[in-house]
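# Examining the three-dimensional arrangement
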There are 2 protein chains.
Amino acid sequence: MDTKPAARISDSAICDGIKTRIHRGGYAPGQRLIEVDLAEEFSVGRGRIREIFKTLVGEGYLEFIKNRGVYVRRFTRAEILEMGRVREVLEGLAARLAAETELTVEQRALLRALQNRMDEAEASNDVDRYNSENFQYHAAICAIANNRHVEQSLARVRLPLYRLQLPRSFSSDSMASSNRDHQVITSSILAGKPDAAEAAMRAHVHAGNQHVARLAEEHFR
Amino acid sequence: MDTKPAARISDSAICDGIKTRIHRGGYAPGQRLIEVDLAEEFSVGRGRIREIFKTLVGEGYLEFIKNRGVYVRRFTRAEILEMGRVREVLEGLAARLAAETELTVEQRALLRALQNRMDEAEASNDVDRYNSENFQYHAAICAIANNRHVEQSLARVRLPLYRLQLPRSFSSDSMASSNRDHQVITSSILAGKPDAAEAAMRAHVHAGNQHVARLAEEHFR
DNA sequence: CTGGACCAGATCGTCGACAATTTTGTTGAC
DNA sequence: GTCAACAAAATTGTCGACGATCTGGTCCAG
């Protein structure tokens, strides 16, 4: 029993692999994914890949066209703006729930640490780092909110953001403004003020959406 | 070409069939669905049923457990309350978007007609009819909001409501209170007041959630 | 040169067969 | 009667094969 025949790969591992590539840009928006290619790559049958595709379609990553296969989902500008409005209220709710929570010392420390890191990134004008910390910050608030359905619904409407994670996504100005929002949100949550936290978060996401609305058309194809 | 061999049933038709049964109670929450049974019933292969299951899992109707099959999704009280909070903000957003819309005459007429019907149901104390009109009313607002992602996200968090669609779901008192909310929402949308419409809708759904929170534990198993 | 008809290759759709796993049923000891 | 161990049945997991559909290229008429 020394040479196990390469332990069978799990469905979720394959799912994660595909998601990661989409996030990282290995698969481009609109790209067609060929069943047999992935089947060979992961050394599984085509049927399993097919089922995994259906799952990923359900999560909003892929688009399915009958008899034509699946494509990495591509969002139009109008669609991204529609999702943006949903994101406003959901991120707002997450902030509210976080502010309603009796925070643990670890949670308080985490929020402060993330805010510090964003402040540093802003001070050193490091847009990439700010962007990355920004994602973690929103994820942390979502985790503190502790509502699986908020998290799940948010995940869907956040999908287009990964694609817009370009260096140009934040200018120096917009980064400063974004971080001012964050500071208000952070302190509102730490102070346990749900109304303030939600309002600040909604305004914050709304501003981000207007930024998207002003982007040139070429960003969306 | 006289005897077509029973035109092949489409995936979406099968999906709808299963969904309908879940809504109508033909399949009970927690019930296990056997692949081969459905395959035979619809005269298709098991693989297709399997893929359809994955799709329905993605939409929140079914739950999948490896090596054990799929079950009609069952929600705990805590989960329903979590979903309720999401519903608050999403229904609120739908009302806001509807109020932001330049309504057509048809849309105005539809809203008024639905409100009238609910008023009638309330006046005649017809809980079942009120319940049914209530669903249509919320659907109509969602349609006017005209945001596919609001609709999609809402569909998920509305799922537990179908199950609670019992006659006892509204008492005479709560029906009156619910319809007062509706009247405020309706007039706010007709008057084009987004803030008022959203606030009223949020309060309305919030009240409904508190009603759920007070239900006895037996309703959730 | 343009466009439509046709053909060949690539890819998807569906099914049935067999293996793996879980569930159910039975037996027997205590 | 209760429980464990085992055996049988039911159900799910996986794959490969075959037909159906789509894609892209070629050829020929105009």
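Residues numbered from 1 in each chain as written. Chains lettered and ligands numbered in written order. Predicted model: local features only at pLDDT ≥ 70, side-chain atom pairs only at ≥ 80, totals over all residues. Heavy atoms only, no water.

Helix and strand counts for chain A come out as nine helices and three strands. In sequence order, chain A lays out its α and β elements as α-β-α-α-β-β-α-α-α-α-α-α. Overall, chain A is about 55 × 50 × 30 Å in size when its C-alpha atoms are taken along their principal axes. Looking at the 221 residues of chain A, the share that counts as buried comes to 44%. Considering only intrachain contacts with a sequence separation of at least 6, the fraction spanning at least 24 residues in chain A is 71%. Surface summary for chain A: the accessible area is close to 11400 Å², and the carbon and sulfur share equals 50%. For chain A, the centre of its 32 positive side-chain charges and the centre of its 30 negative side-chain charges are spaced 5 Å apart. (Helix = DSSP H or I, 4+ residues; strand = E, 2+ residues; numbered from the N terminus. Buried < 20%, exposed > 50% of the residue type's maximum accessible area, 1.4 Å probe, protein only. Contact = heavy atoms within 4.5 Å. Areas by Shrake-Rupley, 256 points an atom, 1.4 Å probe, with all protein chains shown as cover. Lys, Arg positive; Asp, Glu negative; His and termini not counted. Charge placed at Lys NZ, Arg CZ, Asp CG, Glu CD.)

Residue and element names in this part refer to chain A. Per-residue pLDDT for chain A averages 91, and the proportion of residues at 70 or more is 93%. Least confident of the elements in chain A is helix α7 (residues 148–163), whose mean pLDDT is 93; most confident is helix α3 (residues 46–58), at 97. Taken as a whole, residues 1–5 scores under 50 in pLDDT and shows zero contacts with residues more than four places along the chain or in a different chain. (pLDDT = per-residue confidence, 0-100.)

With an RMSD of 0.1 Å, chain A superimposes on chain B once it is rotated by 180 degrees and translated 0.0 Å along the axis. Here the transformation between the copies is reduced to the relation of a two-fold axis. Proximity to the rotation axis, assessed at the C-alpha, singles out glycine 58 of chain A in chain A; its C-alpha lies 2.2 Å from the axis. Of the residues that chain A buries at the interface, 100% are likewise interface residues in chain B, meaning the two copies contact each other through the same surface. (Least-squares fit on C-alpha atoms with pLDDT ≥ 70 in both.)

As a matter of local geometry, DNA strand D sits amid 18 residues, with Gly45 and Arg68 of chain A together with Arg46, Arg50 and Asn67 of chain B nearest to it. For DNA strand D, the backbone portion of the atoms within 4 Å of the protein, that is sugar and phosphate, comes to 77%. Within the backbone of glycine 45 of chain A, an N or O atom sits 2.5 Å from a phosphate oxygen of DNA strand D. Secondary-structure elements contributing two or more residues to the surface near DNA strand D are α3 of chain A together with β1 (32–33) and α3 (46–58) of chain B. Of the residues belonging to the surface near DNA strand D, the class tally is four nonpolar, five polar and nine charged. (Near = heavy atom within 4 Å. Polar contact = N/O pair within 3.5 Å; in protein donor to acceptor, adjacent residues only side chain to side chain. Nonpolar A, V, L, I, M, F, W, Y, C, P; charged D, E, K, R; others polar.)

Moving on, we come to the packing of aromatic side chains. Under the counting rule described, the total for this entry stands at two aromatic pairs over all chains. Of note, lysine 54 of chain A hangs over the ring of phenylalanine 64 of chain A, and the distance from its end group to the ring centre comes to 4.7 Å. (Phe/Tyr/Trp six-rings, centres within 6.5 Å; stacked < 30°, edge-to-face > 60°. Lys NZ or Arg CZ within 6 Å of the ring centre and 35° of its normal.)

Residues and elements named next belong to chain A. The topology assignment puts asparagine 134 in helix α6 (residues 127–145). For asparagine 134, a relative accessible area of 10% translates into the label buried. When residues no more than four places from it in sequence are discounted, the contact partners of asparagine 134 are Met118, Phe170 and His182.

Size it by volume and the second largest pocket reaches roughly 1200 Å³. If you trace the second largest pocket, you find 41 residues lining it, with Lys54, Val57 and Phe64 of chain A together with Thr55 and Glu59 of chain B closest to the centre. Of all the elements in the fold, those that place two or more residues in the lining of the second largest pocket are α3, β2 (62–65), α4 (77–100) and α7 of chain A together with α1 (11–24), α3 and α7 (148–163) of chain B. The element that contributes the greatest number of residues to the lining of the second largest pocket is α7 of chain B, accounting for seven residues. (1 Å grid on protein atoms, 1.4 Å probe; cavity = no way out; pocket = protein on both sides within 12 Å on 5 of 7 lines; lining within 4 Å. Points joined across faces, edges and corners; volume = space filled by probe spheres on them.)

Let's shift gears to the nonpolar core. Proteins that are soluble and globular tend to have nonpolar side chains buried together. Ile18 of chain A together with Ile18 of chain B are the most contacted members of the largest nonpolar core, which totals 117 residues. Beyond its immediate sequence surroundings of up to four residues, isoleucine 18 of chain B is in contact with Tyr27, Leu33, Leu38, Ile52, Phe53 and Leu56 of chain B. (Core = buried A, V, L, I, M, F, W, Y, C linked by side-chain atoms within 4.5 Å.)

Next up on the list: the pattern of salt bridges. Oppositely charged side chains may form a pair once their charged atoms are brought near each other. Tallied over the full model, the rule gives 36 salt bridges over all chains. Between arginine 96 of chain A and glutamate 198 of chain A there is a salt bridge; the shortest N-O distance is 2.5 Å. One end of the pair, arginine 96 of chain A, is in helix α4; the other, glutamate 198 of chain A, is in helix α9 (residues 194–213), and 102 residues separate them in sequence. The same class applies to arginine 96 of chain A and to glutamate 198 of chain A, which are both buried. Linked through salt bridges whose partners overlap, the residues forming this network are Arg85 and Arg202 of chain A together with Arg96, Glu100, Asp195 and Glu198 of chain B. (Salt bridge = Lys/Arg side-chain N within 4 Å of Asp/Glu carboxyl O.)

By nearness alone, 17 residues border DNA strand C, and Arg46, Arg50 and Asn67 of chain A together with Gly45 and Arg68 of chain B come closest of all. Among atoms of DNA strand C positioned within 4 Å of the protein, sugar and phosphate together represent 78%. Measuring from a sugar or linking oxygen of DNA strand C, one finds a side-chain N or O atom of arginine 32 of chain A at 3.5 Å. At 2.5 Å from a base oxygen of DNA strand C is found a side-chain nitrogen or oxygen belonging to arginine 46 of chain A.

On to unusual backbone geometry. Notably, asparagine 146 of chain A is not glycine yet its phi reads approximately 60 degrees, a positive angle. Residue placement: asparagine 146 of chain A occurs in the loop between α6 and α7. Unlike most non-glycine residues, asparagine 67 of chain B shows phi in positive territory, near 65 degrees. Within the element layout of this structure, asparagine 67 of chain B appears in the loop between β2 (62–65) and β3 (69–72). On the basis of relative accessibility, which here comes to 74%, the residue asparagine 67 of chain B falls in the exposed class.

Turning our eyes to something else, we now look at α7 of chain A. In this model, α7 of chain A (16 residues) spans 24 Å end to end at C-alpha, consistent with the 22 Å of a helix rising 1.5 Å per residue. Those residues of α7 of chain A hidden inside the fold are in contact with α3, α4 and α6 of chain A together with α3, α4 (77–100) and α7 of chain B. Between the side-chain oxygen of the N-cap and the backbone nitrogen of histidine 149 of chain A there are 2.9 Å, and the N-cap of α7 of chain A in question is asparagine 147 of chain A. (Expected span 1.5 Å × (residues − 1).)

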